[in-house]
Amino acid sequence: MIRFVAFASLAIALLVPPAFGQTTDPASPAPGNPGGMLPGTKQSASSVPAPRQTNPPDQAFIHSATVGGLAEVELGKLAAQKATGRAVKEFAQQMSRDHSAANDRLSTIVKAVGIAPPERLDEEHKAMQVRLQQSDGAQFDHSYIQGQIIEHQKTAQLLEYEIGSGENAELKDFASDLLPTVLGHLRMAQAIAAEMAQQAQAEVPPTNREKRK
Amino acid sequence: MSKRLRVALPLAGAGLLAVAALADPLPPDATYRPLPTLPLDAVKALDEAQKPQVMQRQQALFERRYDLSNRPIANFMMSGGRKPVQGGVRVKLPAGVTWDSLSAMGPNEIRERGLLPAGFMPLPHVKQATGGQVFPNQEIDEVGRQELRNLRRFDVDFDLSDRFTPEFPPPIFLTTHPELGDVSHGQLLTIKNYYQLMVGLLTPVQMEGMRLLLTPFPQEEFNQTEDRKSADQSLGVTCLDCHANFHTNAAFHLTPDIRPQAARFRLDTVSLRGMFNQQIHGSKRSLRSVEDFTQFEQRTAYFNGDHVSAQRKGVNLPDRFDQVPMMAQMQNIIDFPPAPKLDPMGRLDPSKATQQELAGEQVFLGKGQCGQCHAPQTSFLDNNMHDLKLERFYNMGQTVNGQVALPDGAIKTLTLRGIKDSPPYLHDGRLLTLADTVEFFNLVLSLKLTQEEKDSLVAYMLTL
């Protein structure tokens, strides 16, 4: 469990937005390829896209990141109540906490660019929620964690996509800050899943184990 | 619920989730190259305006990571005798630690305290969002002079100081003519001069292979469409624009094997010397023959592994039964530079080596474990890929100049024959000197080498 506590403090540290650095700060958003810029994009003096604009990757990102973030918080709350395993419960609490903070930051940026973000879960996440509501016990824990592994894998790719293809500096900065946290979450979820698989194996009486072979 | 049921049920849940996860995928440009949205002159103007900032960022990164000063090893030259080898550890340490105090810590402590020297981290492309091939100025100038072909990009310049690149033009050694030594006449092989330099030395088949390796073909940044980074409609690039004289000039690009763009790692051109002895090719692709690599290089190095983009820009696909074998045969007669102190088993000849070099060999084969992967008897290779797991030492996912630092995974063991001739080091060129590589492996393999042992290892590697 010590392992997870270390991750938690890291996660919170990384959610605090950094001061907007000078242009040579390697962590600040790097210039994009103007080959993919939309005609009519406004530019600031330095030939970089003026702030508060979005390109199609930014827009795709806003949509998926908002929905994914909402789902993390809602499913996290659900799992914080329903999970039976302690590691799963703690993980779920951390998900709703970390992703609430991230969602707040994202929605501030999104408001500033004047895009109406999705406000509800999409079909995919709703279906996941319903499935989780209908299951309990070990099955719930298992389904939640397996779902979290996939969700965090998808989110990591989404954040990397925005970092490389997005145009809005604040969104790219947000994606850069969040990525290490998301990869940390992924490793936690994978560790919990591995532990649960081991326990499940240990719980099967030896006779059954033989029969299953 | 019976215990047995409790185990069986979760598996059903996993099945449902796997199907559901197919919804809401990333847009196609996360995998495929998007078409340009602006006319070329607009893109060029924007790129040119951004260029100073792009170069400054990368320069600042290099200065933060490395000591770039001119500190050549005394009385020591690369194989052609024209360029000194830079010495000393160039990766800068974070405040408050020494190389010894760092190597006394475990990976967890180094990761949690953020103490991995930044120079050990993956090295981003000078402009990660665009990527593509970038040539050093010496290559650009010489190809311009000989062929009037333009290898300069309007959006970026080469980012690494000439001090840390290979000798240019590098010498050429042929397995078919060991008695001659360097056959380059001090010139860069191009389509304009290869015939007169090589007639009488090569067979007709090798000559034809050479011609193909020196013929320009369209490439992602150098082509005739609006999606390019050369000012003029370009004839393209040749194989030896990067593998200069069959060695390397440290030209770089991004790995074709990974998406999305921010996750792609940089690739430093490898030397083609001694390729006849290698059984796997490419740091990640593990292609099994020089023929395969030659065939695919025009879709991978040239077009980022995007055959759709390649088709549009006029890819040249060399004929597998006729042209590819000739190109391969030419590459397969390129030898390593001579190593007069090595015996036929790849071991130091004690009558020729110094005490320090011999001590270095001891460390290499013993405490340093280097020889287990870099086996002297097989050209310091093991024809295997290894995962050095550097990510034990840092938090994954940090963004550095637009690149996301991710685990490298398994990478092919690179040969150490002729290693003094081919800085920078590692697949992405993140290390500038051999002393840097010793500190890198000292940490990654938890070797706890003494300063004396480290110095002897460097002295030893200079003999290879």
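Definitions and cut-offs
- Residues numbered from 1 in each chain as written.
- Chains lettered and ligands numbered in written order.
- Predicted model: local features only at pLDDT ≥ 70, side-chain atom pairs only at ≥ 80, totals over all residues.
- Heavy atoms only, no water.
- Helix = DSSP H or I, 4+ residues; strand = E, 2+ residues; numbered from the N terminus.
- Polar contact = N/O pair within 3.5 Å; in protein donor to acceptor, adjacent residues only side chain to side chain.
- UniProt positions renumbered as here; feature names shortened; annotations may be inferred.
- Expected span 1.5 Å × (residues − 1).
- Bend = angle between axes of the 7 residues up to and from the residue.
- Contact = heavy atoms within 4.5 Å.
- Salt bridge = Lys/Arg side-chain N within 4 Å of Asp/Glu carboxyl O.
- Nonpolar A, V, L, I, M, F, W, Y, C, P; charged D, E, K, R; others polar.

- In the nomenclature of an unreviewed UniProt entry, chain B corresponds to Cytochrome B6 from the organism Bradyrhizobium australiense.

- Looking at an unreviewed UniProt entry, one finds chain A named DUF4142 domain-containing protein and attributed to Bradyrhizobium australiense.

**Describing the side chain of R430(B)**
Here's step 1: By secondary structure assignment, the location of R430(B) is in the loop between strand 8 (410-412) and helix 13 (434-444).
Here's step 2: In this structure the side chain of R430(B) is engaged in a polar contact, spanning 2.8 Å, whose partner is the backbone oxygen of F120(B).

**Concerning the UniProt feature "domain: DUF4142" (unreviewed entry) in chain A**
Here's step 1: Per the UniProt record, "domain: DUF4142" (unreviewed entry) is annotated on residues 57-192 of chain A.
Here's step 2: Secondary structure within residues 57-192 of chain A divides into 87% helix and 0% strand; the distance between the first and last C-alpha atoms comes to 33 Å.

**Here's the deal with helix 2 (residues 40-65) of chain B**
Here's step 1: For helix 2 of chain B, spanning 26 residues, the distance from its first C-alpha to its last is 35 Å, which sits close to the expected 38 Å at 1.5 Å a residue.
Here's step 2: The sharpest bend along helix 2 of chain B comes to roughly 40 degrees, located at K51(B), with the proline P52(B) sitting one to four residues further on.

**Describing the interface of chain B and chain A**
Here's step 1: The interface of chain B with chain A comprises 53 residues on the first partner and 53 residues on the second.
Here's step 2: Put simply, chain B and chain A have 0 salt bridges between them.
Here's step 3: Joining chain B to chain A, the criterion identifies 11 residue pairs in polar contact (both at pLDDT 80 or more).
Here's step 4: For the side of chain B that touches chain A, the secondary-structure elements that each account for two or more residues are helix 1 (3-20), helix 2 and strand 6 (399-400) of chain B.
Here's step 5: The class makeup of the residues in the side of chain B that touches chain A is 29 nonpolar, 12 polar and 12 charged.

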